[in-house]
Amino acid sequence: MKFCGLFIRVLRDSNFECDRSKKGLSNYKMDKIVIRGGNKLSGEVVISGSKNSALPILFATLLTDEPAKINNVPSLDDINTTLLFLNFIGKKTVKKKNTVEVYSSESRLYKYIAPYDLVRKMRASILIMGPLLARLKKVYVSLPGGCAIGARPIDIHLEAFEKLGAEISVESGYVRTFAKGGLKGTTINLRFPSVGATENVLLTAVLVEGKTIITNAACEPEIEDLAIVLNKMGAKVTGAGTKNIVIEGVRELHGFEHNIIPDRIEAATYIIAAAITKGEIVLKEVIPQHLKSINDKLKKSGLYIKELGNKIYVKWIKDLEPQNIKTGVYPEFPTDVQAQWMTLMCLIKGESSIKENVFENRFLHVAELRRFGADISVNGRVVNIKGVEKFSGASVIVSDLRAGAALILAGLAARGTTTVSRVYHLDRGYDMLEKKLKELGADIRRVFS
Ligand code: EPZ
């Protein structure tokens, strides 16, 4: 594909403007984080904007040629990747601290391809399909391939596009989606409430003639945030946040300004960090309702949690009790907090279990947690944990974003020094992680390669 080379060159030639430093792509992969464990966290932490809300909303800018302004965007590698991708497609993007402005280039021409190198790096790139299918009536996307947490196919996305009238062919690793005969609103039942598929259908149906109804839709808060943006653009979406979403297609969409909702997964990670270090912290700029399933379990376990408007006060007051969890789609316990929860349960006296119902292979952090001294057994999608007295610092390797968070939490609680490698996974989804933890009293530093 002729575009691939161009995109790869764009990706390689650009420096990722990020908190680490202005480095090329080559050596940042060797950065490590070193933690001397045992400090109790205390103080205040401001939660950043949600990565999983910002990404679909950035792709929604492809639905209009008018300018968009998005506030409270976290500074993350996945955001940088998405901005580079939008530039490659034909948009102009400007990121100033936590605000992103997106404009159309003079040509107003958009490329219609998501190359393998990009989709492999960031699965959310497949969210290009919805907007470009709606506007250009064709889009080529590299098959995403599996990743550390499972096969993660895109069959649900493709079935939905076919229901809308698209034709799909797979050739040399690319999915080519066309809508030569145009698209027509219809009822689409998702066999699984896939977050990405719900978002992709929304990003198409808003510009498709007629009424589209999504049944068994994902209900995550990030879906609601996307629908709010689409309606600000002039779309007609109702029911977002419930299992049934109704979209009345319109002819064109307009620019918008929006503030991204807080990152509920980042917030949950800091709450667990306070619990595991027996600390006392206040989280600011959060939406407590988005964390209900997690906080209910933590309160049951004995952690003191008080929701105060857009703040959450957390204090460890006594030894916690083990709690069993089963991950599920929102509002169940989120799979993106499963790894962090596992670390906490490993250091609580007694036995507990975790059932992972969303991904088929999301236990890669188990082997690394055992290096700290964890006592965990894996049986298919179920993990059984026997709490141990303490963790000893260890050298560990991050396999994926949330597994990385689990290892950082283990290092904070462990006696001695922990060295965490492949921290670039963390840079995809945690904004200023070391800085925020250091300000809470952790003995943590990044060693640049
Ligand atoms: C989103 O991924 C999130 N990513 C993930 O967060 C999150 O873990 C996941 O939703 C579940 O909540 C973003 O929002 C960018 P899915 P997504 O489609 O949309 C299967 C993080 O750490 N499936 O809801 O890719 C799939 O294999 C990331 O921030 C199909 O079989 O998740 C998985 O088992 C990790 N066919 C399950 O559904 C499909 O066509 C849930 O996937 C699509 C999905």
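Residues numbered from 1 in each chain as written. Predicted model: local features only at pLDDT ≥ 70, side-chain atom pairs only at ≥ 80, totals over all residues. Heavy atoms only, no water.

### Let's talk about the domain arrangement of the chain
Assigned domains within the chain: domain 1 (18-47 + 262-447) and domain 2 (49-259). On a C-alpha basis, the centroid separation for the pair domain 1 and domain 2 is 30 Å. The partner domain 2 presents 25 residues to the 28 residues of domain 1 that form the contact. When domain 1 packs against domain 2, close to 2,100 Å² is buried across both sides, 49% of that on carbon and sulfur atoms. If you sort the residues of domain 1 by the area they bury against domain 2, V329, Y330 and R428 come out on top, with a joint share of 27%. (Domains from an automatic or database assignment. Contact = heavy atoms within 4.5 Å. Buried area = accessible area lost by both parts, 1.4 Å probe.)

### Notes on unusual backbone geometry
Note the cis peptide between Y330 and P331, where omega equals 10°. Along the chain, the position of P331 falls in the loop between β18 (325-326) and α11 (338-346). Of note, the phi angle at E285 is positive, near 60°, even though the residue is not glycine. For E285, the position within the fold is in the loop between β15 (280-284) and α10 (292-301). Judged by its relative accessible area of 41%, E285 falls in the partly exposed class. (Helix = DSSP H or I, 4+ residues; strand = E, 2+ residues; numbered from the N terminus. Buried < 20%, exposed > 50% of the residue type's maximum accessible area, 1.4 Å probe, protein only.)

### Focus: the site of the ligand
Residues in contact with the ligand amount to 23 residues; listed here are only the nearest, D155, S194, G196, D336 and V358. Contact between the ligand and R191: an oxygen atom at 3.1 Å from a side-chain N or O atom of the residue. Burial of the ligand by the protein chains amounts to 88% of its free accessible area of 830 Å². Looking at the shell around the ligand, the elements that each hand over two or more residues are α2 (51-60), α6 (155-163), α7 (195-205) and α13 (401-413). Split by residue class, the shell around the ligand holds ten nonpolar, five polar and eight charged. When we break the shell around the ligand down by domain, the ones giving at least three residues each are domain 1 (18-47 + 262-447) and domain 2 (49-259). (Near = heavy atom within 4 Å. Polar contact = N/O pair within 3.5 Å; in protein donor to acceptor, adjacent residues only side chain to side chain. Areas by Shrake-Rupley, 256 points an atom, 1.4 Å probe, with all protein chains shown as cover. Nonpolar A, V, L, I, M, F, W, Y, C, P; charged D, E, K, R; others polar.)

### Focus: the pattern of salt bridges
Scanning all chains against the criterion turns up 19 salt bridges. Close ionic contact of K284 with E44 constitutes a salt bridge, the shortest N to O distance being 3.2 Å. One end of the pair, K284, is in strand β15; the other, E44, is in strand β2 (residues 42-46), and 240 residues separate them in sequence. Judged by relative accessible area, K284 falls into the partly exposed class, the value being 25%. The exposure class assigned to E44 is partly exposed, which follows from its relative accessible area of 48%. (Salt bridge = Lys/Arg side-chain N within 4 Å of Asp/Glu carboxyl O.)

### Quick look at the packing of α11 against α13
Relative to each other, α11 and α13 sit at 25°, their axes nearing to 7 Å. One element, α11, and the other, α13, form an angle in the roughly parallel class. Relative to α13, the crossing made by α11 is right-handed. Every residue of α13 that contacts α11 at A339, Q340 and T343 is listed here: R402, A403, A405, A406, L409 and A410. Per-class residue counts for the contact of α11 with α13 are six nonpolar, two polar and one charged. (Axes fitted to C-alpha atoms, helices over the stretch in contact; angles between N-to-C directions. Parallel < 35°, antiparallel > 145°, perpendicular 65-115°, else oblique. Left-handed = near helix turned anticlockwise from the far one by under 90°.)

### Re the nonpolar core
Among the nonpolar cores identified, the biggest contains 77 residues, and L63, I128, M129, L202, V206, L230 and V237 are the most heavily contacted of them. L41, V383, V420 and L440 belong to the second-largest nonpolar core, a separate cluster that totals 65 residues. (Core = buried A, V, L, I, M, F, W, Y, C linked by side-chain atoms within 4.5 Å.)

### Quick word on the pairing of strand β4 (residues 91-96)
In terms of strand pairing, β4 meets strand β5 (residues 99-104) through six bridges, oriented antiparallel. Of the residues in β5, the one forming a bridge with K92 is Y103. In this antiparallel pair of consecutive strands, β4 and β5, the connection spans two residues, and K97 shows a positive phi of 50°. (Pairing = 2+ DSSP bridges.)

### A closer look at the sheet that holds strand β11 (residues 211-215)
Pairing in this open sheet of four strands is mixed, and the strands run β10-β11-β13-β12 from one edge to the other. With partners counted over all chains shown, the strands left at the sheet margins are β10 (187-189) and β12 (236-238), one partner each. Each strand axis lies, on average, 15° off the axis of its neighbour in the sheet, ignoring direction. Summarising the sheet, β11 and strand β13 (residues 245-248) pair through four bridges and their orientation is antiparallel. Residue pairing across strands places I214 opposite I245, the latter belonging to β13. The sheet contacts of α7 involve β10, β11, β12 and β13, and relative to β11 the element is tilted by about 175°.

### Some thoughts on α10
Of the residues making up α10, those classed as buried are S293, I294, N295, L298 and S301. Those residues of α10 that are buried lie in contact with α9 (264-276), β16 (304-308), β17 (311-315) and α11. Remark: G302 follows α10 within two positions and exhibits a positive phi of approximately 115°.

### Thoughts on the side chain of E101
Along the polypeptide, E101 turns up in strand β5. At a separation of 2.6 Å, a polar atom in the side chain of E101 contacts the side chain of Y103.

### Focus on a positive patch on the surface
On the surface, K40, K278, K390 and R415 cluster together into a patch of positive charge. Among the secondary structure elements, K390 is positioned in the loop between β21 (382-386) and β22 (395-397). On the basis of relative accessible area, K390 is assigned to the partly exposed category, the value being 36%. (Patch = residues over 30% accessible without salt bridge, like charges linked within 9 Å, V, L, I, M, F, W, Y side chains within 5 Å. Lys, Arg positive; Asp, Glu negative; His and termini not counted. Charge placed at Lys NZ, Arg CZ, Asp CG, Glu CD.)

### So, the sheet that holds β16
Across the sheet, four strands lie side by side as β2-β15-β17-β16; this open sheet has mixed pairing. Taken across any chain shown, the strands that pair with only one partner, and hence form the sheet edges, are β2 and β16. For this sheet, the mean angle separating the axes of adjacent strands, direction not counted, is 15°. Contacts from α9 reach β2, β15, β16 and β17, with the element oriented near 170° to β15. Helix-sheet contacts for α10 involve β16 and β17, and the interaxial angle to β16 is about 140°.

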